[in-house]
Amino acid sequence: MFVLFTILFSCKDDNDSISPYVQVEGKYLSSYVVSTPLGDIDYVHTLEFKSDGTLYGEDYATESGKDEILGYTRYYTGTYTIKNDILTLRFGDVTSMYYENDVLYLPKEDLRPSEGQGSTKNYSIHESYSQLTHLFICDSNVNCAPPEIYVKVD
């Protein structure tokens, strides 16, 4: 009887004992399409989380539907915390382009350090860490874009 009791009550969901930092570890992707006179461009945003609480992100452009990177708009490092299914990203070093003269992207080496260090973004965690949704407050008198959704790709 003791053996049966031990078997029944020792089996629990393995995800309950796995650290949220281990569960979120990996690469997440979000993208949207922009129509330009030269054709459609996919703007891709990546977030790569390490289980030690650090992250690396890149924002870049590709020809719509293609994988080859045409250029970058930003890349950054940072840290994150997880509490109650909310992931808070804190930006560290941010390198980005300055939007001038209808330039849509630049070679990575032409991006420059920019402000943003220490700023934060919050994301809700969904579907067993397979999806993150950017949380922001949009005033009722403002026409806001839909929330940015990141999907885990590895």
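The structure presented is a predicted model; accordingly, all values stated were derived computationally and were not measured.

1. Some thoughts on unusual backbone geometry
The backbone of Asp 85 sits at a positive phi, close to 60 degrees, despite the residue not being glycine. The residue Asp 85 is located in the loop between strand E4 (69-83) and strand E5 (86-96) in this model. Even without being glycine, Ser 128 reaches a positive phi, approximately 55 degrees. Relative to the elements of secondary structure, Ser 128 occurs in the loop between strand E7 (120-126) and strand E8 (131-135). In this structure Ser 128 comes out as exposed when scored by relative accessible area, which is 62%.

2. Some words on the side chain of Ser 124
Its location among the elements puts Ser 124 in strand E7. Residue Ser 124 is classed as buried on the basis of its relative accessible area, which comes to 11%. In terms of polar contacts, Ser 124 uses its side chain to reach the side chain of His 126, at 2.7 Å. Those residues in contact with Ser 124 that sit more than four places away from it in its chain are Asp 85, Ile 86, Gln 131, Leu 132, Thr 133 and Leu 135.

3. Notes on the nonpolar core
General note: in soluble globular proteins, nonpolar side chains tend to be found buried as a group. By size, the foremost hydrophobic cluster in this structure holds 17 residues, and its most contacted members are Val 24, Tyr 28, Leu 47, Phe 49 and Leu 87. If you list the elements that add at least two residues to this core, you get strand E2 (39-49), E4, E5 and E7. Looking at this core, the element that brings in the most residues is E5, giving four residues. Sequence-distant contacts of Phe 49, that is, excluding residues within four places in its chain, are made with Val 24, Glu 25, Gly 26, Tyr 28, Thr 54, Leu 55, Tyr 80, Leu 87 and Leu 132. Counting five residues, the second largest nonpolar core, distinct from the first, contains Tyr 60, Tyr 72, Met 97 and Leu 111.

4. Concerning the pattern of salt bridges
Using the criterion set out here, one finds four salt bridges in the structure. Notably, a salt bridge pairs Asp 59 with Arg 74, separated by 2.9 Å at the nearest N-O pair. Of this pair, Asp 59 sits in strand E3 (residues 54-63) while Arg 74 sits in strand E4, and the two are 15 residues apart along the sequence. Here Asp 59 falls in the buried class, since its relative accessible area comes to 3%. Exposure remark for Arg 74: the relative accessible area of 21% places this residue in the partly exposed category. Note that Glu 63 and Lys 66 form a salt bridge whose closest N and O atoms lie 3.8 Å from each other.

5. Some points on the packing of aromatic side chains
In this structure the tally under the stated criterion is seven aromatic pairs. Among the aromatic side chains, those forming a connected cluster through ring pairs are Tyr 21, Tyr 28, Phe 49 and Tyr 80. One Lys or Arg, Lys 108, reaches over the ring of Tyr 72 and ends 5.1 Å from the middle of that ring. Looking at Lys 108, its charged tip hangs above the ring of Tyr 75, at a distance of 5.0 Å from the centre.

Here is what the cut-offs are and how they apply
Residues numbered from 1 in each chain as written. Predicted model: local features only at pLDDT ≥ 70, side-chain atom pairs only at ≥ 80, totals over all residues. Heavy atoms only, no water. Helix = DSSP H or I, 4+ residues; strand = E, 2+ residues; numbered from the N terminus. Buried < 20%, exposed > 50% of the residue type's maximum accessible area, 1.4 Å probe, protein only. Polar contact = N/O pair within 3.5 Å; in protein donor to acceptor, adjacent residues only side chain to side chain. Contact = heavy atoms within 4.5 Å. Core = buried A, V, L, I, M, F, W, Y, C linked by side-chain atoms within 4.5 Å. Salt bridge = Lys/Arg side-chain N within 4 Å of Asp/Glu carboxyl O. Phe/Tyr/Trp six-rings, centres within 6.5 Å; stacked < 30°, edge-to-face > 60°. Lys NZ or Arg CZ within 6 Å of the ring centre and 35° of its normal.

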